[in-house]
Amino acid sequence: MGKVIVEQIVSADGYAEDADGGIGFFANAEWINGVDGEQLRMLSGVAAIVLGARTHRMFADYWPTADPAVDPVATPIRELPKFVVSSSLESAPWGTSDSAEVLRGDGVAAVRGLRHRFTGNLIVWGSLSLSDALLRAGEVDVLRLRVLPMLLGRGRSFAPSDLGLRRLSLATAQSFAGGLVVLEYSLAP
């Protein structure tokens, strides 16, 4: 059974969304693309992608047609099986000829089920409501934060406000051009 990895792109003050609920603060993909090599390394151990409905819509608008010459992570994102945890979506199209599998019901139970279906890791990107539920349930093995060198002052944290104290063990810390930092933590049981 693989690990559940939750990865968030956050401001230096810990926000994954701005005060309006948007992610425009990381529209400058140059910062994010600077870690493509590290992302490809991490994705080499991933067996499936798990998204919430809102994040799926954002991903499905870009990644199916993304050019791997510009975004090297486009290839594994395109090729990995994709699952969308949603009680509202009827289907989850991915490009013109593919779709993600919609998992209905409890997100934590859905991810637990995927853990038994795949031997490799599962990656959850964004998907703050799903990530919140997984963190609360103790189902996150690895927390990866791609920290952008900016302060927002307010917005939506990457962690639920009612989580309580959780111990983390720093596994890796890498800095990249432009000030972006990738922090990877193991969550203590």
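Residues numbered from 1 in each chain as written. Predicted model: local features only at pLDDT ≥ 70, side-chain atom pairs only at ≥ 80, totals over all residues. Heavy atoms only, no water.

Draft legend 1. Main features of the nonpolar core. Of all hydrophobic cores here, the largest spans 30 residues; its most connected members are Val-50, Leu-122 and Leu-134. Mapped by element, the contributors of at least two residues to this core are strand E1 (4-11), strand E3 (46-52), strand E4 (82-85), helix H5 (107-117), strand E7 (121-125), helix H6 (128-137), strand E8 (142-148) and strand E11 (181-187). The contact partners of Val-50, leaving out residues within four places of it in the chain, are Phe-83, Val-85, Val-111, Leu-114, Leu-122, Ile-123, Val-124, Trp-125, Ser-127 and Leu-130. Ranked by size, the runner-up nonpolar core spans 18 residues in total, among them Ile-49, Ile-77, Ile-123 and Trp-125. (Core = buried A, V, L, I, M, F, W, Y, C linked by side-chain atoms within 4.5 Å. Buried < 20%, exposed > 50% of the residue type's maximum accessible area, 1.4 Å probe, protein only. Helix = DSSP H or I, 4+ residues; strand = E, 2+ residues; numbered from the N terminus. Contact = heavy atoms within 4.5 Å.)

Draft legend 2. Spotlight on the pairing of strand E6 (residues 98-103). Here E4 runs beside E6; their pairing, made up of three bridges, is parallel. Among the inter-strand pairings, Val-85 is bridged to a residue of E6, identified as Leu-103. Pairing geometry for strand E5 (residues 92-94) and E6, over three bridges, is antiparallel. Looking across to E6, one finds that Ala-92 is bridged to Ala-100. Where E5 folds back on E6, the antiparallel hairpin that results is connected by three residues, among which Gly-95 adopts a positive phi of roughly 75°. (Pairing = 2+ DSSP bridges.)

Draft legend 3. Representation of unusual backbone geometry. Unlike most non-glycine residues, Ser-127 shows phi in positive territory, near 50°. Relative to the elements of secondary structure, Ser-127 occurs in the loop between E7 and H6. Assessed through its relative accessible area of 6%, Ser-127 is described here as buried.

Draft legend 4. Broad picture of the environment of His-56. Its place among the elements puts His-56 in helix H3 (residues 53-62). Taking relative accessible area as the criterion, His-56 reaches 4% and is therefore assigned buried. For the pair His-56 and Met-42, spaced 14 residues apart in sequence, the C-alpha separation works out to 20 Å.

Draft legend 5. The arrangement of the environment of Ser-157 in detail. By the secondary structure assignment, Ser-157 is in strand E9 (residues 156-157). Residue classification places Ser-157 among the partly exposed residues on the basis of a relative accessible area of 29%. Each C-alpha atom, one on Ser-157 and one on Val-10, is 8.2 Å from the other, the two residues being 147 residues apart in sequence. The contact partners of Ser-157, leaving out residues within four places of it in the chain, are Gly-14, Tyr-15, Ala-16 and Leu-128. One polar contact links the side chain of Ser-157 to the main-chain amide nitrogen of Ala-159, over a distance of 3.2 Å. (Polar contact = N/O pair within 3.5 Å; in protein donor to acceptor, adjacent residues only side chain to side chain.)

No statement about biological role is implied by the geometric values presented.
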